[in-house]
2 protein chains.
Amino acid sequence: MNGRTIIFVSDGTGITAETLGNGLLSQFEGIEFRHVRFPFTDSLEKADDCLMRIAEIARTEGQRSLIIMTMMDMNISARLRQADALFLDLFEAFIAPLEQELGQRSTHRVGRSHGQENREYTKRIAAMNFALAHDDGVSDADLKNADIILVGVSRSGKTPTSLYLSLQFSLKAANYPLIPEDFERDDLPSKLLPYRDKLFGLTIAPEQLHRIRNERRPNSKYASLDNCRYEVAAAERMMRLKNIKWFDTTSRSIEELAVQLMQELNR
Amino acid sequence: MNGRTIIFVSDGTGITAETLGNGLLSQFEGIEFRHVRFPFTDSLEKADDCLMRIAEIARTEGQRSLIIMTMMDMNISARLRQADALFLDLFEAFIAPLEQELGQRSTHRVGRSHGQENREYTKRIAAMNFALAHDDGVSDADLKNADIILVGVSRSGKTPTSLYLSLQFSLKAANYPLIPEDFERDDLPSKLLPYRDKLFGLTIAPEQLHRIRNERRPNSKYASLDNCRYEVAAAERMMRLKNIKWFDTTSRSIEELAVQLMQELNR
C-alpha cells in the first residue's frame, strides 16, 4: 500500500487540525497515512525543532512533506514556511476573507484557554460531575436539574452519550436504565414521566446488543438473543406509548447521537 | 455590541466546522457571534430548507450571511451556494491541493462513521468503561492494563482528564487519589510504583484548589487554604522524590492536558 506522512502543526492542541485532516484524508482511498503531531509549537525555537524533524521525514520518504497547520502567530507561521512542503493552513485560508467580511482586523492572538479559571470550564466540570452522579440511574434525586435524560435498555449506549454530552456541550445529562421490573409493568419508570420534554430514548438492533452483552457476560440469559429481542421490543413499545422520541444507536457514532440530541433539545 | 450570525452547515455533525470556526472567530474582538447549526444536511431537500432559513436570517439582519461549511457532497454544496453569503468551505479549500499533491482524485464520499459496528468504536467504549471502573482509585485490580495512570490530590482534575483521554483518544486511563494516609507516610501509594513509565501527576495552585473544594464542602478542613497548601506541597514533594513527571492543571484546559500527556506517552 502507498504510504504518506501527514504532519500536524499547531500552536494549540492541534485537535482541530487533525479532526479536519481526518475528514479530508478519508477522501483518498488506498493510501496509508502516518500521522506526526507537533502540538504547542508556540515559539520560534520550537518551530526550528519542528523544521528539522520535517526535513528528516522528507529525506526518509524521498518526497516533500504534507503539513496541516493551525497557527495564530504569524512569525512562527512564516518560520515554518521555510520548509519544502505542501501547507494546508486552516487559519490563513479563512482569516483574510473573514477580516474583509467583518470589516475588522483579526487580533492574531493565540487562543489559549484559561483552563480552570474560566467560567466555561467550571460549567463543563459541573456537567461532567452531574453525568457521573446520574449515570445508570444511580441517583434520581436531581433529575429536575438535568438538561437531558436518556433512557434505554442496558448497553444501548446511554453512558458514553451522556459523558460526551457533558464534556463536549457542558450538558447535565442523566441516564436511566430499563430493567426487568419495567418490562413486567410494561411501562417507563414513573419518576421519569414528569420530565418528558427532556427525556429521550436510545435503542439498538437486538443482534448488536446480543454481541455487546455477550462480551460482558458470555452465554447468560441477559446476553441471549431472545432476551435482547424481548427487551428492545418492549422498550420501543413503552417509548411509543408515552410518545418519547428515540434514536437507534446501532450505526451512529457518539458524536452523531450527541449532535442529534442537541438538535432535538433546541427545537 | 456589534452582532453577527454565523451559520454552520455540514453533511456530518458539523463539530469540526464549529471547532475551527470558534478558533477563527475568537480572533475578532467586540463582535457578538450568534451560532446557527445545520448538521446532517445530507440531501437536496434539506439543503433547500437550509437555504430558506439562511435567506430569512439575512433578511432579519439586513446583511448577507456568513456560512462555515464542511460538505463532502458536491451536489448539495452547489445547491447551497445559491445563497447570497460568504462561504468558508473547509473541504473545498483543501481538497484540490490535496488531490494534486497525492496525485489522486478524492472520492467525495460522506464520511459517516460506522457507529457501534466499527472496531474503533468498540475500542473507545472499552476505554471509557475502563476509565469509569478505574476512576478515583475505585479499583486497582487491572492497573497493569492501563495505558496511563494519573495521580494527584482530590479535585486536581484527574477524572475529567481520564474521561477525555478515553473518549477522545481511546486510552485506558486510570486515576488514583492521594489521601491523608499517603501524606502521613509521605510517599506515593506503593501499588502505583511498578507502573512508573505510565504514571503522571497532576497538580494545581492551592488557591484554586481551595476555591473548588469550598464549593463542594464549604468551610471544611478539607477545603481550607492551609490544608490545600499542605496537600499540594506534599504531593509535589512525593512526585519529585519518585521522579514522576507532573502537570499543573490550574490554567490548562482538559484538551491541552490530554494532548500533553499523549506527547509524554509517545516519547
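Everything numeric in this text was worked out from a predicted model, so none of it was measured. Every chain is numbered on its own, with residues counted from 1 as its sequence reads. Whichever chain is written first becomes A and whichever ligand is written first becomes 1, with later ones labelled in order. Local features in this predicted model are restricted to residues whose pLDDT is 70 or higher, and side-chain atom pairs enter the listing and the counts only when it is 80 or higher, whereas totals over whole chains, interfaces and linings include all residues. Each side-chain value is worked out from all heavy atoms of the structure, with water and hydrogens disregarded.

J.: Is there a simple way to explain the relation of the copies chain A and chain B in this structure?
T.: The copies were overlaid by least squares, fitting only the C-alpha atoms of residues that reach a pLDDT of 70 or more in each copy. When chain A is fitted to chain B, the best match, at an RMSD of 0.0 Å, comes from turning it 180° and sliding it 0.0 Å along the axis. Here the copies are linked by what is in effect a two-fold axis. Ranked by how close their C-alpha atoms come to the rotation axis, the residues of chain A are headed by Thr16(A), at 3.3 Å.

J.: Help me out: how do you make sense of the interface of chain A and chain B in this one?
T.: How big an interface is tends to be reported as the loss of accessible area on association of its parts. On the chain B side, the residues contacting the 79 residues of chain A number 79 residues. The quantity reported as buried area is the accessible area (1.4 Å probe) lost by two parts once they are put together, taken as the sum for both. Across the interface of chain A and chain B, roughly 7000 Å² is buried in total on both sides, 63% from carbon and sulfur atoms. Salt bridge, as used here: a side-chain nitrogen of Lys or Arg that lies within 4 Å of a carboxyl oxygen of Asp or Glu. Scanning the region where chain A abuts chain B turns up six salt bridges. A salt bridge links Arg64(A) to Glu101(B); the shortest N-O distance between them is 2.6 Å. Pairs of N or O atoms are called polar contacts if they sit within 3.5 Å, as long as, within protein, a hydrogen donor faces a hydrogen acceptor (for residues adjacent in sequence, only side-chain-to-side-chain pairs). Seen at the junction of chain A and chain B, the total is ten residue pairs in polar contact (both at pLDDT 80 or more). Of the residues forming the side of chain A that touches chain B, the biggest block, ten residues, is contributed by helix H4 (residues 90-102) of chain A. Here the residues of the side of chain A that touches chain B are counted per class, giving 33 nonpolar, 29 polar and 17 charged. What makes two residues a contact is simply this: any of their non-hydrogen atoms within 4.5 Å. Secondary structure elements follow DSSP: runs of H or I no shorter than four residues count as helices, runs of E no shorter than two count as strands, and numbering proceeds from the N terminus. Gly is placed with the polar residues, together with every amino acid not listed as nonpolar (Ala, Val, Leu, Ile, Met, Phe, Trp, Tyr, Cys and Pro) or charged (Asp, Glu, Lys and Arg).

J.: Looking at this structure, how should I read the nonpolar core?
T.: Nonpolar side chains in soluble globular proteins tend to end up buried together. Residues grouped as a nonpolar core are buried Ala, Val, Leu, Ile, Met, Phe, Trp, Tyr and Cys residues, joined through side-chain atoms within 4.5 Å. For every residue, the accessible area (1.4 Å probe, protein chains only) is compared with the maximum for its type, and the residue is labelled buried under 20%, exposed over 50%, or partly exposed between those bounds. Core analysis: the largest hydrophobic core is formed by 46 residues, its most contacted members being Ile148(A), Leu165(A), Leu261(A), Ile148(B), Leu165(B) and Leu261(B). Aside from chain neighbours lying at most four places away, what touches Leu165(A) is Ile148(A), Ser170(A), Leu171(A), Ala173(A), Ala258(A), Leu261(A) and Met262(A). One finds Phe8(A), Phe8(B), Ala17(B) and Leu25(B) within the second-largest nonpolar core, a separate group that totals 40 residues.

J.: Looking at this model, I keep getting lost on the pattern of salt bridges. Mind explaining?
T.: Oppositely charged side chains are able to pair whenever their charged atoms sit close together. Considering all chains together, one arrives at 32 salt bridges over all chains under this definition. Of the charged contacts in the structure, one is a salt bridge between Glu264(A) and Lys245(A), with a shortest N-O distance of 3.2 Å. Of this pair, Glu264(A) sits in helix H10 (residues 254-266) while Lys245(A) sits in the loop between helix H9 (225-241) and strand E8 (246-248), and the two are 19 residues apart along the sequence. Residue classification places Lys245(A) among the partly exposed positions, given a relative accessible area of 43%. Between Arg124(B) and Glu255(A) there is a salt bridge, and its shortest N-O distance comes to 2.6 Å. Taken as a pair, Arg124(B) in helix H5 (residues 119-133) and Glu255(A) in helix H10 lie in two separate chains rather than in one. Bridged by salt links that share partners, the residues Arg4(A), Arg64(A) and Glu101(B) form one connected network.

J.: How should the sheet that holds strand E7 (residues 199-203) of chain B be read in this particular structure?
T.: Remark on secondary structure: sheet strands pair via backbone hydrogen bonds, oriented parallel or antiparallel. Residues and elements named next belong to chain B. The rule for pairing is simple: two strands pair if DSSP sees at least two bridges between them. The strand order across the open sheet built from four strands is E6-E5-E7-E8, with neighbouring strands paired in parallel fashion. Looking at strand neighbours, the two that pair on one side only are strand E6 (173-178) and strand E8 (246-248), the edges of this open sheet. Direction aside, the axes of adjacent strands within the sheet are offset by 25° on average. Note on method: axes are straight lines fitted to C-alpha atoms, helices fitted across the in-contact stretch only, with angles between N-to-C directions ranging 0 to 180 degrees. In the packing of helix H6 (residues 158-169) onto the sheet, the strands contacted are strand E5 (148-153), E6 and E7, and the crossing angle to E6 comes to about 175°.

J.: Can you help me understand the side chain of Ser156(A) in this one?
T.: Considering the arrangement of structural elements, one finds Ser156(A) in the loop between strand E5 (148-153) and helix H6 (158-169). A polar atom in the side chain of Ser156(A) sits 2.7 Å from the backbone oxygen of Val153(A).

J.: Hey, could you run me through the sheet that holds strand E4 (residues 85-89) of chain A in this one?
T.: Within the open sheet, the four strands sit side by side as E2-E1-E3-E4 (chain A). Their pairing is parallel. Because the sheet does not close on itself, it has two edges, and the strands there are strand E2 (31-38) and E4 of chain A. The average undirected angle you get between the axes of adjacent strands in this sheet is 25°. Bridge analysis of strand E1 (residues 2-10) of chain A against strand E3 (residues 65-70) of chain A gives five bridges, and the strand direction is parallel. For Phe8(A), the partnering residue across the bridge sits in E3(A) and is Ile68(A). On the sheet, helix H4 (residues 90-102) of chain B packs against E1, E2, E3 and E4 of chain A and is oriented at approximately 165° with respect to E4(A).

J.: Please explain empty space enclosed by the protein as it appears in this structure.
T.: To find the voids left in a structure, one rolls a probe of water-molecule size over its atoms. Every definition here rests on a 1 Å grid over the protein atoms only: cavities are sets of points where a 1.4 Å probe fits but cannot get out, pockets are open sets enclosed by protein on both sides within 12 Å along at least five of seven lines, and lining residues have some atom within 4 Å of a point. Grid points are joined across faces, edges and corners, and a volume is the space filled by probe spheres set on the points. Under the defined criterion, the tally for this structure stands at two cavities of 30 Å³ or more. Approximately 50 Å³ is the volume found for the largest cavity. Considering the residues around the largest cavity, the lining is formed by Arg124(A), Tyr164(A), Leu167(A), Gln168(A), Tyr164(B), Leu167(B) and Gln168(B). Counting residues per element, the ones that place at least two in the lining of the largest cavity are H6 of chain A together with H6 of chain B. Among the residues forming the lining of the largest cavity, the class breakdown is four nonpolar, two polar and one charged. In terms of lining residues, the second largest cavity is bounded by Arg4(B), Thr5(B), Ile7(B), Ile57(B), Ala58(B), Glu61(B), Gln63(B), Arg64(B), Ser65(B) and Leu66(B). Split into classes, the residues belonging to the lining of the second largest cavity amount to four nonpolar, three polar and three charged.

Nothing here speaks to function; it is geometry throughout.
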